Amino acid sequence: MMQTMQTALDIWLPASREDLSKLKPGDAVHLHGTIFTMRDAGHQRCLQALNKEGCLPFELEGQALFYAGPTPPRAGRPCGAIGPTTAARMDDATPALLKAGITLTLGKGRRSKEVAQACAATGSVYLIAVGGAAAYLGGFVKTSELIAWEDLGPEALRRLTLCGLPAFVGIDSRGACISEAH
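All values derive from a computational prediction rather than experimental measurement.

How each quantity is defined
- Residues numbered from 1 in each chain as written.
- Predicted model: local features only at pLDDT ≥ 70, side-chain atom pairs only at ≥ 80, totals over all residues.
- Heavy atoms only, no water.
- Helix = DSSP H or I, 4+ residues; strand = E, 2+ residues; numbered from the N terminus.
- Buried < 20%, exposed > 50% of the residue type's maximum accessible area, 1.4 Å probe, protein only.
- Polar contact = N/O pair within 3.5 Å; in protein donor to acceptor, adjacent residues only side chain to side chain.
- Contact = heavy atoms within 4.5 Å.
- Phe/Tyr/Trp six-rings, centres within 6.5 Å; stacked < 30°, edge-to-face > 60°.
- Lys NZ or Arg CZ within 6 Å of the ring centre and 35° of its normal.
- Salt bridge = Lys/Arg side-chain N within 4 Å of Asp/Glu carboxyl O.

Peer 1: Give a detailed account of the environment of Leu56, specifying residues and quantitative values.
Peer 2: Residue placement: Leu56 occurs in the loop between helix H2 (40-53) and strand E3 (64-66). The class of Leu56 is buried, set by a relative accessible area of 8%.

As structure tokens, then:
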């Protein structure tokens, strides 16, 4: 059986929950605009700040998170390789961050039932980037700026500007998962 290629949807970040509500599991997207990198250690620091202050630090409310640690700049680019890390490692923190205002997360692999439920409860989405393509994905990063936690090295909080980074919808704003869509 022959399948047709799906046209990717352009998503401009930060994206509103209304815009995200149009996405369905399996949709191909190209990401443009601002996204923040955050991994394991950053999630713990973000949760500590959220618990202490009652809100997300660094104006992260309404923003998108990319579970990645970019390598240092090279060849005139703002970063070298930037591949998604396994999103399930952030599952314990994700429901609280979505409830506090994060609208979109980007990583690789499956998420827990609790994350799918949190997406449905908040109107947030989880996108999947292809693993093993970090050098290729680095070409879609146009700017990279250190925001916080420099001591975490590649896991520091960074603000990136993307231009067309490819991804797929893993969990939509209703909590439906790509694994259930086919």
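The rest of the description comes next.
Peer 1: Quick rundown of the side chain of Asp172? Include the residues and the values.
Peer 2: Its place among the elements puts Asp172 in the loop between strand E7 (157-171) and helix H6 (178-181). Since its relative accessible area comes to 3%, Asp172 is described here as buried. A polar atom in the side chain of Asp172 sits 2.9 Å from the backbone nitrogen of Arg174. Not counting the four nearest positions on each side in its chain, Asp172 is found in contact with Leu23, Lys24, Pro25, Cys119, Ser124 and Val125.

Peer 1: For the environment of Arg111, give the residues involved together with the corresponding values.
Peer 2: You can see Arg111 is positioned in the loop between strand E4 (104-107) and helix H4 (113-122). According to the relative accessible area criterion, Arg111 is buried, its value standing at 12%. In this structure the C-alpha to C-alpha distance between Arg111 and Lys99, which are twelve residues apart in sequence, comes to 16 Å. Beyond its immediate stretch of four places on either side in the chain, Arg111 contacts Tyr67, Ala87, Ala88, Met90, Asp91, Thr94, Thr105, Tyr126 and Ile171. Looking at Arg111, its side chain comes within polar contact range of the side chain of Tyr67, at 3.4 Å.

Peer 1: Just give me the short version of the packing of aromatic side chains, but keep the residues and values in it.
Peer 2: With the rule as written, the count across this model stands at two aromatic pairs. Geometry around Tyr126 places Arg111 over its ring, the cationic atom sitting 4.8 Å from the centre.

Peer 1: Run through the pattern of salt bridges, naming residues and quoting values.
Peer 2: For side chains bearing opposite charge, pairing can occur when the charged atoms are close. Considering all chains together, one arrives at six salt bridges under this definition. Among the salt bridges present, the one from Lys22 reaches Asp19, with a minimum N-O distance of 3.7 Å. Residue classification places Lys22 among the exposed residues on the basis of a relative accessible area of 55%. Among the residues examined, Asp19 registers a relative accessible area of 40% and is labelled partly exposed. For Glu145, the salt bridge is made with Arg159, and the minimal N-O distance between the two is 2.6 Å. Of this pair, Glu145 sits in strand E6 (residues 141-148) while Arg159 is found in strand E7, placing the two residues 14 residues apart along the sequence. By relative accessible area, which is 41% here, Glu145 ends up partly exposed.

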